[in-house]
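The lines below spell out each chain.
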Amino acid sequence: MVGAVLIVVLLLVLGGCGCVVWAGRGGPGWVQGVARVTLGAGGAVRWAHRNRKRQLLPGDSGSTGSTDGDG
């Protein structure tokens, strides 16, 4: 069951990428709409990944304050 869901997600991603390329070459309106949604979803995934990395690595933000009991 999980494999089937992953295959469907993979096909949606590949279809979205194809629509982005087609829209870049002047495809029909519905292709441009799918391309916008695909690019928006990609931006949301990148944003979430960046925020997750910031939460996991709080010391990389350049702050000098440490709370691991160095006192």
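Here the residue numbering is sequential within each chain, running from 1 through the sequence in written order. Owing to the predicted nature of the model, reporting of local features is limited to residues with pLDDT of at least 70; listing and counting of side-chain atom pairs is limited to 80 or more, with chain, interface and lining totals taken over all residues. Hydrogens and waters are ignored; side-chain quantities use all the structure's heavy atoms.

A. Examining the overall build of the chain more closely. Secondary structure counts use DSSP, requiring at least four H or I residues in a row for a helix and at least two E residues in a row for a strand, with both numbered from the N terminus. What the chain contains, in helices and strands, is 2 helices and 0 strands. Buried residues are those whose accessible area, probed at 1.4 Å on protein chains only, stays under 20% of the maximum for their type, while exposed residues exceed 50% and partly exposed ones sit between those limits. Counting the 71 residues in the chain, one finds 8% classified as buried. As displayed, the chain offers around 6000 Å² of accessible surface, 66% of which is attributable to carbon and sulfur atoms. For the accessible areas, the method is Shrake-Rupley and the probe is 1.4 Å, while residue cover comes only from the protein chains on display.

B. Layout of the state of the cysteines. Here, the term disulfide refers to a pair of cysteine sulfur atoms separated by no more than 2.5 Å. On inspection of all chains with the given rule, the structure shows 0 disulfides. Free of any disulfide, Cys-17 has its nearest neighbouring cysteine sulfur in Cys-19, separated by 9.4 Å. For Cys-19, a relative accessible area of 11% puts it in the buried group.

C. Examining a positive patch on the surface more closely. Patch rule: a residue counts if its relative accessible area is over 30% and it has no salt bridge; like charges are joined within 9 Å, and nonpolar side chains (Val, Leu, Ile, Met, Phe, Trp, Tyr) within 5 Å. A side-chain nitrogen of Lys or Arg and a carboxyl oxygen of Asp or Glu constitute a salt bridge if their distance falls within 4 Å. Neither His nor the chain ends contribute to the count of charged residues, in which Lys and Arg are positive and Asp and Glu negative. Every charge is mapped to an atom, namely NZ of Lys, CZ of Arg, CG of Asp or CD of Glu. Together, Arg-46, Arg-50, Lys-53 and Arg-54 line one region of the surface with positive charge. Relative to the helices and strands, Lys-53 is located in helix α2 (residues 29-56).

Such coordinate-based values are descriptive only and should not be taken to indicate function.
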